[in-house]
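Observations on the model geometry
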Amino acid sequence: MGDQTGARTFAHDTTGQAGRWPGPDTAGSQPVGPGPERPDSAGPDPVGSDRADPGPVGPAAVLPSDPRYDYLASRGRAYGRATGRPDRIHPVRSTDDVVAAVQRAVDDGLRLTVRSGGHCFEGFVDDPLVRVVIDTALMNDVCYDPAMGAFAVEAGARLGDVYRALYIGWGVVVPAGESPEVGAGGHILGGGYGFLSRLHGLAADHLHAVEVVVVDVSGRARAVVATRAADDPHRDLWWAHTGGGGGNFGVVTRYWLRSPEATGTDPARLLPAAPRAVDSFTATWDWSELDAASFARLVRNFGDWCERHSDADTPHAGIFATFYLNARSLGQVQIVGQHLSPENGGEALVREFVAAVGAGVGAAPVLETRRQSWLGFALTSFDSEMGRIKIKDAFLRRGFDDRQIAVLLRYLTDSSTGAPFSTIALDTYGGRVNAVAEDATASAQRDSPLRTWAVIAWPEPEEDEQHLGWARALFRELFADTGGVPAPRTGADGTFVNHPDTDYADPRWNTSGIPWPTLYYKDNYPALRRVKAAWDPRNVFRHALSVEPAGDAVAPGE
């Protein structure tokens, strides 16, 4: 929930936690860690430990009468389509604050949720049934934790905070999302991917440990640290946060990041080195120069390139690109991309890529390139204020076929929607993402060379049904052969949990007979249900697409 689901913005990735990094003077700071002299510390506990309930003293609560309430109640609100008026909002500053806020909500019998960056494509945080919101915006520290031998990232930190701190402090990076405004809290636990994922995998592939506030079967809230260590008794909770999605198991308060292959204690060698530079590029074709045949050729060429260059060791792994197939009313279709290892022939590979996509089209694109520093590029915002939004998403195991391309063309050239903005995008995918086994993490989609997502935006609520209908009908036709959904292990492979879509749980739009959890989690869902039953046996953390607890599991220690 909140960015405890994580979702990506238009031009690019997630669902709700926020905050600002304290600044470069803290880049080399040590973590706030517990010790005998600091029994009330909010820092990391020893591995595998539980933090005790802090007692009756709780965090501050912002009530509807407070001048801060309207901002906090609507921050990042589902891109305009959801509304919520919780009884109180807790702007928490520490793990102990979170424990106290959760405990108070449980004791009061009130539905609760958590917000990080505020990006949510469905109304999970702004659900009218939610009475308590825990806002982690003030928990935004990013530092190196020598006791854990990993980088600690608080759940309220935005990705821009994370990129800045890691780069200035140690010259390293985590392969996370493409918008600096996205909250780490929900993004990472949903898997998290972005510009660097073809080179280095998902953000969750570098998750070393996680601190989570959970509620046991007796109703007691406590914080638990779970690691990927094979002998950690809480390892299942760590695994669930490598793609299990937000709002399912508890409230994440802190992540620790360290690449699984990293050795030693030098922080500069524990995560991938940041790129020395980034070659950004755009390739633009005017709709006036495209007919049905040339449009089809462009779409096929892009898919073919992705299929040819999706291996983990491809020399083209440094290229990340999104092909925006914009509505004809917007005038152009455009590839926006980057080469993130330009020392390996970046500009030449970019030109080769654009030439491959444009081969046989008959219309030459306008190509623009620009070299930037990594941090300058990473802190460029891709967020747009677009009003009310619907996004639909699918992993693709192969490019669109001729029938699907004809569907795309018809929807993009249909002027009846009247929406200010609509696009169908294709992303490069694969590379190192696909070098990980499906069950090694909770992120199960590990053999897709590309992804697609459709987004439509409009200003007025009275237009909701018209524009939602466009998006729903588009996907129903694109995946007509599999009941209107991107069925796993077909030409598609399900969908991305950080882009939640309640249509998949609606039999009007999912006629496949495939349950919605299979679309998100594939064969990992039974294991996630066992984790849910073990760590959230009272189903405290839930929303419209939350993991259901398994009936035969019990709470830890019971």
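What counts, and at which threshold
Residues numbered from 1 in each chain as written. Predicted model: local features only at pLDDT ≥ 70, side-chain atom pairs only at ≥ 80, totals over all residues. Heavy atoms only, no water. Axes fitted to C-alpha atoms, helices over the stretch in contact; angles between N-to-C directions. Helix = DSSP H or I, 4+ residues; strand = E, 2+ residues; numbered from the N terminus. Parallel < 35°, antiparallel > 145°, perpendicular 65-115°, else oblique. Contact = heavy atoms within 4.5 Å. Pairing = 2+ DSSP bridges. pLDDT = per-residue confidence, 0-100. Phe/Tyr/Trp six-rings, centres within 6.5 Å; stacked < 30°, edge-to-face > 60°. Buried < 20%, exposed > 50% of the residue type's maximum accessible area, 1.4 Å probe, protein only. Lys NZ or Arg CZ within 6 Å of the ring centre and 35° of its normal. Salt bridge = Lys/Arg side-chain N within 4 Å of Asp/Glu carboxyl O.

1. With respect to the packing of helix 7 (residues 292-308) against helix 8 (residues 346-358)
Think of two packed helices as two axes; the pair is described by the angle between the axes and how far apart they sit. At a closest axis distance of 7 Å, the pairing of helix 7 and helix 8 adopts a crossing angle of 130 degrees. Our classification of the angle between helix 7 and helix 8 gives oblique. For the pair helix 7 and helix 8, the contacting residues are R297, L298, N301, F302, W305 and R308 in the first and F353, A356, V357 and G358 in the second.

2. A closer look at the sheet that holds strand 14 (residues 388-396)
What the seven strands build is an open sheet, ordered 13-10-12-11-15-16-14; its pairing is antiparallel. Since the sheet does not close on itself, it has two edges, and those belong to strand 13 (366-372) and strand 14, each with one partner. Strand after strand, the sheet turns through a mean of 15 degrees between neighbouring axes, direction not considered. Alignment of strand 10 (residues 278-286) against strand 12 (residues 332-339), held across eight bridges, turns out to be antiparallel. Looking at strand 12, one finds that F281 is bridged to G337. Lying over the sheet, helix 7 contacts strand 10, strand 11 (319-326), strand 12, strand 15 (421-428) and strand 16 (450-458), oriented at roughly 35 degrees with respect to strand 15. Together, strand 10, strand 11, strand 12 and strand 13 form the strand contacts of helix 8, whose direction differs from that of strand 10 by roughly 20 degrees.

3. Details of the confidence of the model for the protein chain
Of all residues in the protein chain, 86% attain a pLDDT of 70 or more, and the chain-wide mean is 87. Taken as a whole, residues 1-57 scores under 50 in pLDDT and shows 255 contacts with residues more than four places along the chain or in a different chain. Below a pLDDT of 50 lies the segment residues 553-558, which in the model reaches 13 contacts outside its immediate sequence neighbourhood of four places, other chains included.

4. Focus on the packing of aromatic side chains
Counted under the stated rule, the structure contains 24 aromatic pairs. Ring geometry for Y193 and Y429: centres 5.4 Å apart, planes at 85 degrees, overall edge-to-face. You can see Y193 sitting in the loop between helix 4 (184-187) and helix 5 (197-200) and its partner Y429 sitting in the loop between strand 15 and strand 16, a full 236 residues away along the chain. Here Y193 and Y429 have matching classes, each one buried. Every member of this aromatic cluster is reached through a ring pair, and the members are F281, W285, F302, W305, F323 and F353. In this structure, K392 is placed above the aromatic ring of Y504, and the distance from its NZ or CZ to the ring centre is 5.2 Å. We note R451 situated over the ring of F395; from NZ or CZ to the ring centre the distance is 5.3 Å.

5. Quick look at the pattern of salt bridges
Applying the stated criterion to the full structure yields 37 salt bridges. Between D126 and R115 there is a salt bridge; the shortest N-O distance is 3.4 Å. Taken together, the residues D126 in the loop between strand 3 (112-115) and strand 4 (132-135) and R115 in strand 3 connect sequence positions eleven residues apart. Each member of the pair D126 and R115 is classed as buried. Note that D501 and K390 form a salt bridge whose closest N and O atoms lie 2.8 Å from each other. Of this pair, D501 sits in the loop between helix 11 (464-478) and helix 12 (516-521) while K390 sits in strand 14, and the two are 111 residues apart along the sequence. On the basis of relative accessibility, which here comes to 0%, the residue D501 falls in the buried class. Salt bridges linked by common partners bring E122, K390, K392, R472, D501 and D503 together as one network.

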